[in-house]
Amino acid sequence: MTYKIHGALGSPYSMKMRSLMRYRRIIHVWSHGAHVQQLAAKSGLPPVIPVIEYPDGSFRNDSTPVLYELEARHRDRSVVPPDPATAFIAHLLEDFADEWLTKAMFGYRWLEDVDQVQMSRWLSYDALKGGGLETSQGMAKHFRDRQVGRMAIVGCTRENFPLIEDSTRRVMQALESHVVNEHWLFGSRPSLAEFSIYGQFSQLGVDPTAQAMMRADFPYTHRWLLHVDDASGIEGEWDTPDVPLKPVVQQLLAEVGRVYVPFLLANAAASEAGEKTFRIEVGGMSYEQGTFKYQLKCLANLRSRYAALSADVRDRINPVLSDSNCLEFLQ
């Protein structure tokens, strides 16, 4: 059974799924090129990447549902902790990375000229697999203009970026203090949370401004990315349910409660009121963007997962969720 990942080196979700399949030792082929978005459209999927081609010839391209489908299809080397309390926390962190940390990836890449120029050229070069410098640089200009034009849609404006950057640095500082001692969050093996964080930060580790920041301030987090990229040789165990959560997990949850919970709630309230935009303020820094339907699904999914937990599991995790401002929004 061979899967095919139709993705891109510059796509955080492509890198997330490639690293996850590498760790899980799921046989796959990496297919990189300009064909990917056309393949999505041809398959009746949203024009986003990666597109995962299943052994039966069907296609999917939403990384989180694919991750869970792979769990159902392949039992070995699961990335979902067996303890349901830990599994819920890991999923919450995965969702936070996919939906909030991606703003750091987009902002660092497309706010400053130095990043716009280099990354538009590199990503065009990747898509064309060469094709001649004149051709790829011509494509780069169109690609740059399109991506920069989307900044306000995804909330990555210059006005919003102080909060995005502050949040990103908090996450990196938590990781930096942790990875110098051990690599994983819930034991000696990786979970879905690490692969989602890696997907977004894999791009920050390459783009000029963000890479310089990581090398200067978070050098071991920067190096850790390469360990997550191919963890196929890791043989580890999950922490048992009686082991307290590591400080890094508590710090990451605190950041979820500080920025992501208000973000989700404000988006939901604006959508319910029929408003086109919403605004939050965290630590004296403001953030404003248009309401977004996909984040409504994320909020509903988190609440559904929490409600599905047994009473004793909820009793176990409620104190840590409450301490991090991550409880009330789930109830």
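The sections below set out a description of the structure shown in this document.

The rules behind the values
- Residues numbered from 1 in each chain as written.
- Predicted model: local features only at pLDDT ≥ 70, side-chain atom pairs only at ≥ 80, totals over all residues.
- Heavy atoms only, no water.
- Helix = DSSP H or I, 4+ residues; strand = E, 2+ residues; numbered from the N terminus.
- Rg over C-alpha atoms; globule rule 2.2 N^0.38 Å.
- Buried < 20%, exposed > 50% of the residue type's maximum accessible area, 1.4 Å probe, protein only.
- Pairing = 2+ DSSP bridges.
- Contact = heavy atoms within 4.5 Å.
- Axes fitted to C-alpha atoms, helices over the stretch in contact; angles between N-to-C directions.
- Core = buried A, V, L, I, M, F, W, Y, C linked by side-chain atoms within 4.5 Å.
- Parallel < 35°, antiparallel > 145°, perpendicular 65-115°, else oblique.
- Nonpolar A, V, L, I, M, F, W, Y, C, P; charged D, E, K, R; others polar.
- Expected span 1.5 Å × (residues − 1).
- Bend = angle between axes of the 7 residues up to and from the residue.
- 1 Å grid on protein atoms, 1.4 Å probe; cavity = no way out; pocket = protein on both sides within 12 Å on 5 of 7 lines; lining within 4 Å.
- Points joined across faces, edges and corners; volume = space filled by probe spheres on them.
- Salt bridge = Lys/Arg side-chain N within 4 Å of Asp/Glu carboxyl O.

## Some words on the overall build of the chain
From N to C terminus, the chain includes 13 helices and six strands. What you see for the chain is a C-alpha radius of gyration of 19 Å, in line with the 20 Å of a compact globule of 331 residues. Overall, the chain is about 60 × 50 × 40 Å in size when its C-alpha atoms are taken along their principal axes. Taking all 331 residues of the chain together, 53% fall into the buried category.

## Some remarks on the sheet that holds strand β4 (residues 59-60)
Taken in spatial order, the four strands make up an open sheet running β2-β1-β3-β4, and their pairing is mixed. At either end of the open sheet lies a strand with only one pairing partner, and these are β2 (28-32) and β4. Judged from the five bridges that link them, strand β1 (residues 3-7) and β2 form a sheet pairing that is parallel. Within β2, the position partnered with Ile5 by the bridge is Trp30. Sitting on the sheet, helix α1 (residues 12-24) is in contact with β1, β2 and β3 (51-53), with an inclination near 160 degrees to β2.

## Brief notes about the nonpolar core
Formed by 93 residues in total, the largest nonpolar core has its most connected members in Leu93, Trp100 and Leu321. By residue number, the principal contributor to this core is helix α4 (residues 84-110), which donates 15 residues. Residues Val36, Leu39, Ala40 and Leu45 belong to the second largest nonpolar core, which totals five residues.

## Some points on the pairing of strand β5 (residues 277-282)
Only one face of β5 is buried: it carries Phe278, Ile280 and Val282, and the other face, with Thr277, Arg279 and Glu281, is open. Bridge count between β5 and strand β6 (residues 285-290): six bridges; the pairing is antiparallel. In the sheet register, Val282 faces β6, and the bridge partner there is Met285.

## Looking at unusual backbone geometry
The peptide bond linking Ile49 to Pro50 adopts the cis configuration, its omega dihedral lying at 10 degrees. Within the element layout of this structure, Pro50 appears in the loop between α2 (36-42) and β3. For Arg77, which is not glycine, the phi torsion reads 55 degrees and is therefore positive. Structurally, the position occupied by Arg77 is in the loop between α3 (63-73) and α4. Note on Arg77: relative accessible area 14%, which makes it buried.

## Observations regarding the packing of helix α7 (residues 161-179) against helix α10 (residues 219-229)
Direction vectors running N to C along α7 and α10 enclose 75 degrees, while the axes themselves pass 8 Å from each other. Considering their axes alone, α7 and α10 lie roughly perpendicular with respect to each other. Each of Met172, Leu175, Glu176 and Val179 in α7 lies in contact with α10, whose residues at this interface are Pro219, Tyr220, Thr221 and Trp224. Within the contact of α7 with α10, the residues separate by chemical class into six nonpolar, one polar and one charged.

## Structural notes on helix α13 (residues 311-323)
In an α-helix, one full turn covers 3.6 residues, which means residues spaced three or four apart are oriented alike. The end-to-end C-alpha distance of α13 is 19 Å, a good match for the 18 Å that 13 residues give at a rise of 1.5 Å each. Along α13, the helix axis deviates most sharply at Ile317, where the bend reaches about 40 degrees; the proline Pro319 sits within four residues downstream. Residues of α13 that are buried include every one of Val313, Ile317, Asn318, Val320 and Leu321, and no others. The first or second residue beyond α13 is Asn325, which carries a positive phi of 65 degrees.

## Concerning the layout of surface pockets
Its boundaries defined by the atoms lining it, the largest pocket holds a volume of some 1,600 Å³. Taken together, 48 residues line the largest pocket, and the ones lying closest to its centre are Gln37, Pro47, Val48, Ile49 and Arg150. At the level of elements, α1, α2, α3, α4, α5 (113-128), α6 (133-149) and α12 (293-308) are the ones that each hand at least two residues to the lining of the largest pocket. Here the element with the most residues in the lining of the largest pocket is α4; it accounts for eight residues. A breakdown of the residues in the lining of the largest pocket according to their chemical character gives 24 nonpolar, 15 polar and nine charged.

## Some words on the pattern of salt bridges
Scanning all chains against the criterion turns up 20 salt bridges. The residue Arg24 makes a salt bridge to Glu71 at a minimum N-O spacing of 3.6 Å. With Arg24 in helix α1 and Glu71 in helix α3, this pair connects stretches of sequence that are 47 residues apart. Across the pair, exposure class does not vary: Arg24 and Glu71 are buried alike. Here Arg60 and Glu69 are joined by a salt bridge, their closest N and O atoms 3.3 Å apart. The class of Arg60 is partly exposed, set by a relative accessible area of 27%. In the salt-bridge network here, residues are joined through shared partners; they are Asp166, Arg170, Glu255 and Arg258.

## Points about α7
Spanning 19 residues, α7 covers 26 Å between terminal C-alpha atoms, matching the ideal 27 Å at 1.5 Å per step. Inspection of α7 places Phe161, Leu163, Ile164, Ser167, Thr168, Val171, Met172, Ala174, Leu175, Glu176, His178 and Val179 among the buried residues, and these make up the whole buried set.

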